[in-house]
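# Summary of the model geometry
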2 protein chains.
Amino acid sequence: MAPMLMAELSRRSGVPVATVKYYLREGLLPPGVTTSATRAEYGPSHLRRLGLIRALLEIGEMPLAAIRKILAVTDNEAVSVHEMLGLVQYELGPHPAVPPDGDPDWQAATREVNELIASLGWIVEPAAPARTLLAVTLAALHRTASAPPGPGLRAYAEAMAGLAAAEVASLDAVPPPRTPSGEGSRVALAESAVVGMVLYERVIVALRRLAQEDASARYFG
Amino acid sequence: MAPMLMAELSRRSGVPVATVKYYLREGLLPPGVTTSATRAEYGPSHLRRLGLIRALLEIGEMPLAAIRKILAVTDNEAVSVHEMLGLVQYELGPHPAVPPDGDPDWQAATREVNELIASLGWIVEPAAPARTLLAVTLAALHRTASAPPGPGLRAYAEAMAGLAAAEVASLDAVPPPRTPSGEGSRVALAESAVVGMVLYERVIVALRRLAQEDASARYFG
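Along each chain, the written sequence defines residue order, and numbers are assigned to residues from 1. Chain letters and ligand numbers both follow the written order, the letters beginning at A and the numbers at 1. Predicted model: local features are reported for residues with pLDDT of at least 70 only, side-chain atom pairs are reported and counted for 80 or more only, and whole-chain, interface and lining totals are derived from all residues. Excluding hydrogens and water, the side-chain values take into account all heavy atoms of the structure.

Let us now look at the overall build of chain A. A tally of regular secondary structure across chain A gives nine helices and two strands. Traced from its N-terminal end to its C-terminal end, chain A shows the element sequence α-α-β-β-α-α-α-α-α-α-α. Projected onto its principal axes, the C-alpha coordinates of chain A cover approximately 70 × 45 × 30 Å. Only protein chains enter the calculation, and the probe is 1.4 Å; a residue is then buried if its accessible area is under 20% of its type maximum, exposed if over 50%, and partly exposed in between. By the burial criterion, 52% of the 221 residues in chain A qualify as buried. Whether two residues touch is decided by their heavy atoms; if any such pair falls within 4.5 Å, the residues are in contact. Considering only contacts within chain A whose residues lie at least 6 apart along the sequence, 64% involve residues at least 24 apart. Working definition of accessibility: Shrake-Rupley area with a 1.4 Å probe, residue cover restricted to the visible protein chains. Accessible area for chain A stands at about 9700 Å²; split by element, carbon and sulfur atoms hold 57% of it. In this description a helix means any DSSP run of H or I spanning at least four residues, a strand means any run of E spanning at least two, and both kinds are numbered starting from the N terminus.

Rendered as structure tokens:
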């Protein structure tokens, strides 16, 4: 890929020139290579970075402040890919309010989450927000008289574990970046992992809804 | 379950008295049985209805106007359970903006969604918003240079189909409502189906994030 001027970077990324300039000013996008007082050239790493910002903004629905934090750790080679993925995931909404400690439904749901994770042998930080998200949802399921029993938590957990393992393994297939700047492959891997985490979650939700419409058509239609 | 007064209905549902009164005024909750000028008694169907409203509001993150529409079809025995589930699902966000028709990424993604659904033999309305949600996400995946290949759409689709079939089948286990009012079991089934659709989607997202943290810990940790 030949170096690009601003107009081409904007066209290829689908990000308006004014927005690209804003990202440059705010340090979300590294500066290009200056070739004259008014010209700078941009490369594939700029295009990848703009794609990452768009994915987090448009699909991840993250505020720019959260994206700034994520880009800082993506670029920081001292942060491991695993730590970085955790930081990104922890920024993903929703962030439901935690019920008061004395709530018995909440206590039972928290215990259920801890027992499930332990019985599966999963390695998950005690402070992972997805624990809270799951417990809040289980508390709502228990509280709601009309909630159907469903196929059981383990069925969901095992389906998700299979997909997560396949997703993480697919990162091996990410081609090393071909940038003249010699940028580390750690940044490219980090970018891919972040994009995959955010976009495939949306793929799962959309396919789940489509599968449900089909199941409903067969059962009730 | 003995009939309840307002205070007990509020306590058991976790919905403040002022909010219960608002739902009554707005017709979201049917009136209780009046026993004197200032007293009315409420039963299990009121408790179930409040649970449904809370689930749609707190977990489905739906605006009250959408919930009102959903409750109207839940109560309308002329609408089939399948149609009702469609109407509920179509209210669930996010509702991403559709790119302009000429966008080639969008055209390719739409084709890919149509081909996937056809190859799986799924019965899905042409206007289902989940088609758009999936196509917008696939377009973002194709556009984003650093997107990892992932395990392929079919792997996600098959996992979701297995869960959806088990969820729908679990509705058979919903006990018939024991209400002295002789309320139809169609309403109870409809309420269960709506609660399950909204709450288990959140269960899936939370478990996916937990599974991903574990996969990342094993692979990169």
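Looking now at the interface of chain A and chain B. At the junction of the two partners, chain A supplies 89 residues and chain B supplies 89 residues. Salt bridges are identified by distance alone: a Lys or Arg side-chain nitrogen within 4 Å of an Asp or Glu carboxyl oxygen. At the junction of chain A and chain B, the tally comes to seven salt bridges. Residues Glu58(A) and Arg143(B) are paired through a salt bridge, measuring 3.7 Å at the closest nitrogen-oxygen approach. Any pair of N or O atoms that falls within 3.5 Å is considered a polar contact. Within protein, one atom must be able to donate a hydrogen and the other to accept it, and sequence-neighbouring residues count only if both atoms are side-chain atoms. At the junction of chain A and chain B, the tally comes to 36 residue pairs in polar contact (both at pLDDT 80 or more). Of all elements in the fold, only helix H3 (44–59), helix H5 (81–91), helix H6 (104–120), helix H7 (129–143), helix H8 (153–170) and helix H9 (185–220) of chain A reach the threshold of two or more residues within the side of chain A that touches chain B. Top element by residues in the side of chain A that touches chain B is H9(A). It accounts for 28 residues. When residue character is reported, Ala, Val, Leu, Ile, Met, Phe, Trp, Tyr, Cys and Pro are called nonpolar, Asp, Glu, Lys and Arg charged, and the others, Gly included, polar. Along the lines of polarity and charge, the residues of the side of chain A that touches chain B split into 57 nonpolar, 15 polar and 17 charged.

Attention now goes to the relation of the copies chain A and chain B. Alignment of copies: least-squares fit on C-alpha atoms of residues with pLDDT of at least 70 in both copies. In the superposition of chain A on chain B (RMSD 0.1 Å, axial shift 0.0 Å), the rotation amounts to 180 degrees. Overall, the copies show the geometry of a two-fold rotation axis. Among all residues of chain A, the minimum C-alpha distance to the rotation axis is found for Ala159(A), at 3.0 Å.

Moving on: unusual backbone geometry. Residues and elements named next belong to chain A. Of note, the amide linkage connecting Gly 93 to Pro 94 takes the cis form, showing an omega dihedral of -5 degrees. Not every positive phi belongs to a glycine, and Glu 61 is a case in point at roughly 50 degrees. Along the chain, the position of Glu 61 falls in the loop between H3 and helix H4 (64–75). In this structure Glu 61 comes out as exposed when scored by relative accessible area, which is 51%.

As a further point, take the pattern of salt bridges. Residues and elements named next belong to chain A. By the definition in use, this model includes 27 salt bridges over all chains. Salt-bridge contacts for Arg 218 lead to Asp 214; the nearest nitrogen and oxygen are separated by 3.1 Å. One end of the pair is Arg 218 and the other is Asp 214, both in helix H9 and four residues apart, which spans about a single turn. Judged by its relative accessible area of 51%, Arg 218 falls in the exposed class. Classification of Asp 214 by relative accessible area gives buried; the value is 7%.

Moving on to the packing of H9(A) against helix H5 (residues 81–91) of chain B. One way to put it is that H9(A) packs onto H5(B) with a least axis distance of 9 Å and a crossing angle of 165 degrees. As summarised for this structure, H9(A) and H5(B) are arranged roughly antiparallel, according to the angle between their axes. By crossing handedness, the relation of H9(A) to H5(B) is classed as right-handed. Packed against H9(A), whose contacting residues are Arg209(A), Gln212(A), Glu213(A), Ser216(A), Ala217(A) and Phe220(A), the element H5(B) presents Val81(B), His82(B), Leu85(B), Gln89(B) and Tyr90(B) at the interface. Looking at the contact of H9(A) with H5(B) residue by residue, the class counts come to five nonpolar, four polar and two charged. Orientation is described by lines fitted to C-alpha atoms, with helices fitted over the stretch in contact, and by angles between N-to-C directions that extend from 0 to 180 degrees. For classification, angles of less than 35 degrees are called roughly parallel, those exceeding 145 degrees roughly antiparallel, those between 65 and 115 degrees roughly perpendicular, and all remaining angles oblique. Helix crossings get a hand from a simple test, with the near helix turned counterclockwise from the far one by less than a right angle marking a left-handed crossing and a clockwise turn marking a right-handed one.

Residue and element names in this part refer to chain A. Along the polypeptide, Ala 40 turns up in strand E2 (residues 39–41). Between the C-alpha atoms of Ala 40 and Ile 59, which are 19 residues apart in sequence, the distance is 30 Å. When neighbours within four sequence positions are excluded, Ala 40 is seen to be in contact with Met 4, Leu 5, Met 6, Gly 32, Val 33, Thr 34 and Thr 35.

Next up on the list: H7(A). The span one expects for a helix is its residue count, reduced by one, times 1.5 Å. The terminal C-alpha atoms of H7(A) lie 21 Å apart, and with 15 residues this matches the ideal 21 Å at 1.5 Å per residue to within 8%. Most of H7(A) is tucked away, with 11 of its 15 residues classed as buried. In this structure, the buried side of H7(A) is in contact with H5, H6 and H8 of chain A together with helix H3 (44–59) and helix H9 (185–220) of chain B.

With that settled, consider the pairing of strand E1 (residues 33–36) of chain B. All names here are of chain B. The pairing criterion is simple: DSSP has to find at least two bridges between the two strands. Here E1 runs beside strand E2 (residues 39–41); their pairing, made up of three bridges, is antiparallel. Directly across from Val 33, in E2, lies its bridge partner Glu 41. Adjacent in sequence and paired antiparallel, E1 and E2 are bridged by two residues.

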